[in-house]
Amino acid sequence: MTALMTTLEAPATPKLKRRTFGELLTTDLRALPVLVGLAFLWIFFTYQSEVFLTARNLSNLLLQSTVVGIMALGLMFVLLVKEIDLSLAAINGVTAVLMAKLIVEFGFSPWLAIPLSILLGAAIASFSARWVSFVGVPSFVVTLGLGLALNGIQLLLLPPTARYGLMGTGIEHIAQTYITGLWSWTLVTIGIALYALLIFSNMHRRRQLGLPVALLTSAIMPLLGAALLGAICVSIFNQHNGIPLPVLIFVVLLGLGGYLLKETQFGLSLYAIGNNDEAARRAGIKVPVIRMYAFAIAGGVAAIAGIISASRTLGVGVFSGGGVGGGTLLLESIAAAVIGGVSLFGGRGAIYAALLGALVIGTVQNGLNLMGVENEIRLIVTGVLLIVAVSIDKLIEKFTGQKSF
């Protein structure tokens, strides 16, 4: 009887609530719709062109996706705080031109010209954030005007020939350097180990806060996916020339971005501001400062993308980066971020969004080029994919009753 009384009086052990598939689809499995769409694209283009799945083409596809992916990664930090930076493509162009001018005309070493151009990109973007915060002008207007002004500055920086050639300056080595053999496998192993450390650190913190943790979807599936993806990529790269240095730079930036977003107070502040900036301000978060850092990161990352682009094309000119008539770099970067799962309304987005979105954009571009399709059709398809991606996201929210974050 006493034992029965003790059993009845003992508090029941709380059970972890099993999350529904809809809840998982808006959280841990948020990338699933994008991965399914990417798989369909790869299957379609495989049937359309026998060249698509060759090691050479897949290596080129990943290399071609790096600039848009890096731009999308930087843009993500701005979108998280519910802002937009329409000057990033212009920053991409003007910083690349400045780097080339310092090297070609003033004899600067690339080791000095590159950091200076990255710092300039961060400074320009942070200026936009300060203007938005202290004057109150919407970021859409400020960055649109700044982008136009930077286009003019880029023209002023260029020589009469309207182009700086970078062959023989050392910049070309960025795009022409490959990591092969044992070094490539070592780098992938180190990367997966660091990713595992990041995942388990995040899980440990969630447990300390009393938050639910699903081992399968939070750790096992991401690690297996990363290991499989890493092994496939290295195998493909090694069949061609090896891992291109721009791809390695992109992966390192993804790792640093993931650490900032998941393991630092700064990352938590970004999400808090994006969800409710007034509540974040009342909680003691310095909203203008965090916003300025987010813009600065985006500007610096855009400058890195510009340097890589200049290295691949062996020069910079009127049409590089965000220059006059500079193509669709900004629109493709926004599309990549949104297709990957970053919300245009702030507060939602994971670091993998830049990678997945860039792969979708790169796959469409590469596949349609192999099919001999005109550039106009590629733009139409990219626009339709953007609309479909956002629509699927909203439909998931509607039918599951869960808001994605």
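Residues numbered from 1 in each chain as written. Predicted model: local features only at pLDDT ≥ 70, side-chain atom pairs only at ≥ 80, totals over all residues. Heavy atoms only, no water.

Bringing unusual backbone geometry into the picture now. A positive phi angle is found at Ala 162, which is not glycine, with a value near 65°. Topologically, Ala 162 is positioned in the loop between helix 8 (139-157) and strand 1 (163-165). Residues other than glycine seldom take positive phi values, yet Leu 314 does so here, at roughly 60°. Examined against the element boundaries, Leu 314 turns out to sit in the loop between helix 15 (287-313) and strand 4 (315-317). (Helix = DSSP H or I, 4+ residues; strand = E, 2+ residues; numbered from the N terminus.)

The angle between the axes and the distance between the axes are what describe a pair of packed helices. Contact geometry for helix 16 (residues 329-340) and helix 17 (residues 352-370): axes closest at 7 Å, N-to-C directions at 120°. Every pair of crossing elements has a handedness; the one defined by helix 16 and helix 17 is right-handed. Contact with helix 16, carried on its side by Glu 332, Ala 335, Ala 336, Ala 337, Ile 339 and Gly 340, involves Tyr 352, Ala 353, Gly 357, Ala 358, Val 360 and Ile 361 of helix 17 and no other residues of that element. In terms of residue class, the contact of helix 16 with helix 17 is made up of nine nonpolar, two polar and one charged. (Axes fitted to C-alpha atoms, helices over the stretch in contact; angles between N-to-C directions. Left-handed = near helix turned anticlockwise from the far one by under 90°. Contact = heavy atoms within 4.5 Å. Nonpolar A, V, L, I, M, F, W, Y, C, P; charged D, E, K, R; others polar.)

Judged by nonpolar contacts, the single largest core of 98 residues is most densely connected at Met 99, Leu 261 and Leu 270. It is helix 15 that provides the largest number of residues to this core, a total of 13 residues. Ignoring sequence-local partners within four residues, the contact set of Met 99 consists of Ala 113, Ile 114, Ser 117, Leu 166, Ile 171, Ile 307 and Ala 310. Counting six residues, the second-largest nonpolar core is a separate cluster that includes Ile 199, Met 203, Val 213 and Leu 223. (Core = buried A, V, L, I, M, F, W, Y, C linked by side-chain atoms within 4.5 Å. Buried < 20%, exposed > 50% of the residue type's maximum accessible area, 1.4 Å probe, protein only.)

To continue, consider the pattern of salt bridges. Taken as a whole and assessed by the stated rule, the structure comprises four salt bridges. Arg 291 is the partner of Glu 83 in a salt bridge, and the nearest nitrogen-oxygen pair spans 3.2 Å. Of this pair, Glu 83 sits in the loop between helix 5 (66-80) and helix 6 (88-104) while Arg 291 sits in helix 15; the two residues are 208 residues apart in sequence, bridging distant segments of the chain. Across the pair, exposure class does not vary: Glu 83 and Arg 291 are buried alike. For Glu 278, the salt bridge identified is with Arg 281, shortest N-O distance 2.9 Å. Remark: Arg 281 and Glu 278 occur in helix 14 (residues 277-282); sequence separation between them is three residues, near one turn of the helix. By relative accessible area, which is 40% here, Arg 281 ends up partly exposed. A single salt-bridge network, built from bridges that share partners, covers Glu 278, Arg 281 and Arg 282. (Salt bridge = Lys/Arg side-chain N within 4 Å of Asp/Glu carboxyl O.)

The topology assignment puts Ser 333 in helix 16. Apart from the residues within four sequence positions on either side, Ser 333 is in contact with Val 68, Met 71, Ala 72 and Leu 75.

Quick look at helix 4 (residues 55-64) now. Among the 10 residues in helix 4, seven count as buried, and that is most of the element. For helix 4, the full list of buried residues reads Ala 55, Asn 57, Leu 58, Ser 59, Leu 61, Leu 62 and Leu 63.

To continue, consider a nonpolar patch on the surface. Nonpolar side chains collect at one region of the surface, where Phe 200, Leu 215, Leu 216, Ile 220, Met 221 and Leu 224 lie side by side and expose about 570 Å² of accessible area between them. For the nonpolar patch, the element with the most residues is helix 11 (residues 215-239), which contributes five residues. With respect to the helices and strands, Phe 200 occurs in helix 10 (residues 181-208). On the basis of relative accessible area, Phe 200 is assigned to the partly exposed category, the value being 43%. (Patch = residues over 30% accessible without salt bridge, like charges linked within 9 Å, V, L, I, M, F, W, Y side chains within 5 Å. Areas by Shrake-Rupley, 256 points an atom, 1.4 Å probe, with all protein chains shown as cover.)

All right, on to the packing of aromatic side chains then. All told, the structure shown has five aromatic pairs when counted by the stated rule. Where Phe 266 meets Tyr 293, the ring centres are 6.4 Å apart and the plane angle is 70°; that geometry is what we call edge-to-face. In this pair, Phe 266 sits in helix 13 (residues 265-275) while Tyr 293 sits in helix 15, placing the two residues 27 residues apart along the sequence. Among the residues examined, Tyr 293 registers a relative accessible area of 45% and is labelled partly exposed. Through a chain of ring-to-ring contacts, the aromatic side chains of Trp 42, Phe 44, Phe 45 and Phe 52 assemble into a single cluster. (Phe/Tyr/Trp six-rings, centres within 6.5 Å; stacked < 30°, edge-to-face > 60°.)

This part is about the confidence of the model for the chain. Here the chain shows a mean pLDDT of 84. Residues at 70 or above account for 88%. Per-element averaging of pLDDT across the chain places helix 1 (residues 2-9) at the bottom with 44 and helix 5 at the top with 95. Overall, residues 1-16 carries pLDDT values under 50, and its contacts beyond four positions in sequence, including any with other chains, amount to two contacts. Overall, residues 321-325 carries pLDDT values under 50, and its contacts beyond four positions in sequence, including any with other chains, amount to 19 contacts. (pLDDT = per-residue confidence, 0-100.)

Tracing the sequence through the fold places Ser 59 in helix 4. According to the relative accessible area criterion, Ser 59 is buried, its value standing at 2%. With sequence-adjacent residues up to four places away left out, Ser 59 is seen in contact with Ile 236, Phe 237, His 240 and Pro 244.

Closest axis-to-axis distance for the helix 10/helix 12 (residues 245-263) pair is 11 Å, and the angle between their directions is 10°. The orientation of helix 10 with respect to helix 12, classified from their angle, is roughly parallel. Residues Leu 187, Leu 198, Ser 201, Asn 202 and Arg 205 of helix 10 form the contact with helix 12, whose own contacting residues are Leu 248, Gly 258, Tyr 259, Lys 262 and Glu 263. Of the residues assigned to the contact of helix 10 with helix 12, the class counts are four nonpolar, three polar and three charged. (Parallel < 35°, antiparallel > 145°, perpendicular 65-115°, else oblique.)

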